Amino acid sequence: MSESDPGKLDRIVADARRAAAQRERGYREQALKIYPWICGRCGREFTHKNLRELTVHHRDHNHDNNPPDGSNWELLCLYCHDNEHQRQLEAGRGGSGASVAKASTYSPFADLKERLAKKRPAK
Ligand SMILES: [Zn+2]
Ligand SMILES: [Zn+2]
């Protein structure tokens, strides 16, 4: 079988990356047209000068969900956007369900603490 083209996967990946980048530029521009240039959390106002720091957040965290009316977008400054995702991560960890049992078996810091404790001489 010699149907596999070694450059094919690379091309697919490159195409997907390009498409994602284009899509991102597209929805950002769209969102900036629809919404005032203000962070939805801290109310910071933006101008052309610092517009780079204003980002588009997806309310449902699905970057493929880009309705043209902008209902899934929210303009957030870099800091608030970071916070928003941090909260989401924490909510995910603390949630109930099967994922909790899975998460509790993975605890790198518990082990680290133990090892550090062993290293230190007892006083
Ligand atoms: Zn903000
Ligand atoms: Zn986001």
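Model, not experiment: these values are computed from the prediction.

**Section: the coordination of the zinc ion (ligand 1)**
For the zinc ion (ligand 1), every protein donor is listed as Cys39 (SG), Cys42 (SG), Cys77 (SG) and Cys80 (SG), and the spread of their distances is 2.3 to 2.4 Å. One can describe the site at the zinc ion (ligand 1) as tetrahedral: its 4 donor atoms subtend angles covering 102 to 116 degrees at the metal. Between consecutive donor residues of the zinc ion (ligand 1), the sequence gaps follow C-x2-C-x34-C-x2-C. By the burial criterion, Cys77 is buried, and Cys80 matches it.

**Some thoughts on the pattern of salt bridges**
When their charged atoms lie close together, side chains carrying opposite charge are able to pair. Tallying each qualifying case throughout the model produces 8 salt bridges. Glu74 is paired through a salt bridge with Arg59; the nearest N and O atoms lie 4.0 Å apart. Remark: Arg59 occurs in the loop between strand S1 (54-58) and strand S2 (73-77) and Glu74 occurs in strand S2; sequence separation between them is 15 residues. Taking relative accessible area as the criterion, Arg59 reaches 46% and is therefore assigned partly exposed. Each of Arg41, Arg59, Glu74, Glu84 and Arg87 takes part in salt bridges that share partners, so that together they form one network.

**Notes on helix H1 (residues 8-34)**
Along its 27 residues, H1 runs 39 Å from first to last C-alpha, staying within 8% of the 39 Å computed at 1.5 Å per residue. For H1, the complete set of buried residues consists of Tyr27, Ala31 and Leu32. Looking at the buried side of H1, the elements it contacts are S1 and S2.

**Here we look at the nonpolar core**
In this structure, Cys39, Phe46, Leu54, Val56 and Leu75 are the most contacted members of the largest nonpolar core, which totals 13 residues. For this core, the secondary structure elements donating two or more residues are H1, S1 and S2. Counting residues per element, this core draws most heavily on S2, which supplies 4 residues.

**Structural notes on the coordination of the zinc ion (ligand 2)**
Around the zinc ion (ligand 2), the protein supplies His57 (ND1), His81 (NE2) and His85 (NE2) as donor atoms, at distances of 2.0 to 2.1 Å. We note that the donor set of the zinc ion (ligand 2) lies within a single chain, spaced as H-x23-H-x3-H. With His57 in strand S1 and His85 in helix H2 (residues 78-94), this residue pair connects regions lying 28 residues apart in the sequence.

**A short note on a nonpolar patch on the surface**
A contiguous nonpolar patch, built from Leu9, Ile12 and Val13 and spanning about 270 Å² of accessible area, is present on the exposed surface. Mapped onto the fold, Val13 is located in helix H1.

**Here's the deal with the pairing of S1**
The buried fraction of S1 amounts to 5 of the 5 residues, a majority that puts the element mostly inside the structure. A two-sided burial pattern is seen for S1, the buried positions comprising Leu54, Val56 and His58 on one face and Thr55 and His57 on the other. Relative to S2, S1 is paired through 5 bridges, and the arrangement is antiparallel. Looking at the pairing, His57 lines up with Glu74 of S2.

Rules used throughout
Residues numbered from 1 in each chain as written. Chains lettered and ligands numbered in written order. Predicted model: local features only at pLDDT ≥ 70, side-chain atom pairs only at ≥ 80, totals over all residues. Heavy atoms only, no water. Donors = N, O, S within 2.8 Å, 3.2 Å for Na, K, Ca; no water. Tetrahedral: all angles 85-135°; square planar, octahedral: opposite > 155°, others 65-115°. Buried < 20%, exposed > 50% of the residue type's maximum accessible area, 1.4 Å probe, protein only. Salt bridge = Lys/Arg side-chain N within 4 Å of Asp/Glu carboxyl O. Helix = DSSP H or I, 4+ residues; strand = E, 2+ residues; numbered from the N terminus. Expected span 1.5 Å × (residues − 1). Contact = heavy atoms within 4.5 Å. Core = buried A, V, L, I, M, F, W, Y, C linked by side-chain atoms within 4.5 Å. Patch = residues over 30% accessible without salt bridge, like charges linked within 9 Å, V, L, I, M, F, W, Y side chains within 5 Å. Areas by Shrake-Rupley, 256 points an atom, 1.4 Å probe, with all protein chains shown as cover. Pairing = 2+ DSSP bridges.

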